[in-house]
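Close look at the chain arrangement
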Amino acid sequence: MQRSLLAAMLLCPLAFAVPAAAQSKVNIEQNFADSLTAMPKEELVVSGGFYVPAYSSVAMSQGKLRVDFSVTLSVHNASETQPLVIKRIAYFDTAGKQVETYLKGQVALKPLATVSIFVPTDDVRGGTGANFLVDWAATGEIAEPVVEALMVGGVANAHYAFISQGRPTRTAGKK
């Protein structure tokens, strides 16, 4: 009886938990204010982009079962000294249709700082071939950013987590 009461007390707050929402309505500039800095005044002479595969849903059990995953996209400025300008973060579905865009305008990321985008498990708009495009720029030579997607999900008692690394879509270099 005491164990049941203890379990009920521990689980009760979960009944009132609010499900995670997609960040499409969230202001990245506000949520990551500590990671951002003023836009550089100098011309942006170096630019690049990343394609990041993301698996919002995965077919399992010979295609008879679909497992949905939450996705966290992280964009890391790998430079210790230079700000990184993020020009675009866009989310696409399996058919290549843009599902969401996450920036109102360009933002400058402090050295070694990170911004992230969260797509909850119940947002399956991306499907099995979801992906992100991330475009960036800098005022001069800079360490290439690190862009990754972390997928987390499960079915029954099995839980899965895996990372998908971004792949450059164009050579980083002078315009």
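These numbers were taken from a predicted model, which means no experiment stands behind them.

Judged by nonpolar contacts, the single largest core of 33 residues is most densely connected at Leu 73, Ile 86, Ile 89 and Phe 132. Elements represented by at least two residues in this core include exactly β2 (46-53), β4 (65-76), β5 (84-92), β7 (107-109), β8 (114-119), β9 (131-138) and β10 (146-155). By residue number, the principal contributor to this core is β4, which donates five residues. Not counting residues within four places of it along the chain, the set of residues in contact with Leu 73 comprises Val 52, Ile 89, Val 115, Ser 116, Ile 117, Phe 132, Val 134, Val 147, Glu 148 and Ala 149.

What follows concerns the packing of aromatic side chains. One pass over the full model with this rule turns up four aromatic pairs. Arranged with centres 6.0 Å apart and planes meeting at 45°, the rings of Tyr 55 and Phe 162 form a pair that is tilted. With Tyr 55 in the loop between β2 and β3 (57-60) and Phe 162 in strand β11 (residues 158-165), the pair connects residues that are 107 residues apart, well separated along the chain. Look at Tyr 55 and you get partly exposed, because its relative accessible area is 33%. Arranged with centres 5.3 Å apart and planes meeting at 75°, the rings of Phe 69 and Phe 162 form a pair that is edge-to-face. Note that Phe 69 is positioned in strand β4 and Phe 162 in strand β11, a separation of 93 residues in sequence. Residue classification places Phe 69 among the buried residues on the basis of a relative accessible area of 2%. Through successive ring pairs, a cluster of aromatic residues spans Tyr 55, Phe 69 and Phe 162.

Relative to the helices and strands, Asn 77 is located in the loop between β4 and β5. Judged by relative accessible area, which is 3%, Asn 77 ranks as buried. Here the side chain of Asn 77 touches Leu 109 through a polar contact of 3.2 Å, landing on its backbone oxygen. Contact partners of Asn 77, with chain neighbours within four places excluded, come to Gln 82, Pro 83, Leu 84, Leu 109, Lys 110, Pro 111, Leu 112, Ala 113 and Ile 142.

Definitions and cut-offs
- Residues numbered from 1 in each chain as written.
- Predicted model: local features only at pLDDT ≥ 70, side-chain atom pairs only at ≥ 80, totals over all residues.
- Heavy atoms only, no water.
- Core = buried A, V, L, I, M, F, W, Y, C linked by side-chain atoms within 4.5 Å.
- Buried < 20%, exposed > 50% of the residue type's maximum accessible area, 1.4 Å probe, protein only.
- Helix = DSSP H or I, 4+ residues; strand = E, 2+ residues; numbered from the N terminus.
- Contact = heavy atoms within 4.5 Å.
- Phe/Tyr/Trp six-rings, centres within 6.5 Å; stacked < 30°, edge-to-face > 60°.
- Polar contact = N/O pair within 3.5 Å; in protein donor to acceptor, adjacent residues only side chain to side chain.

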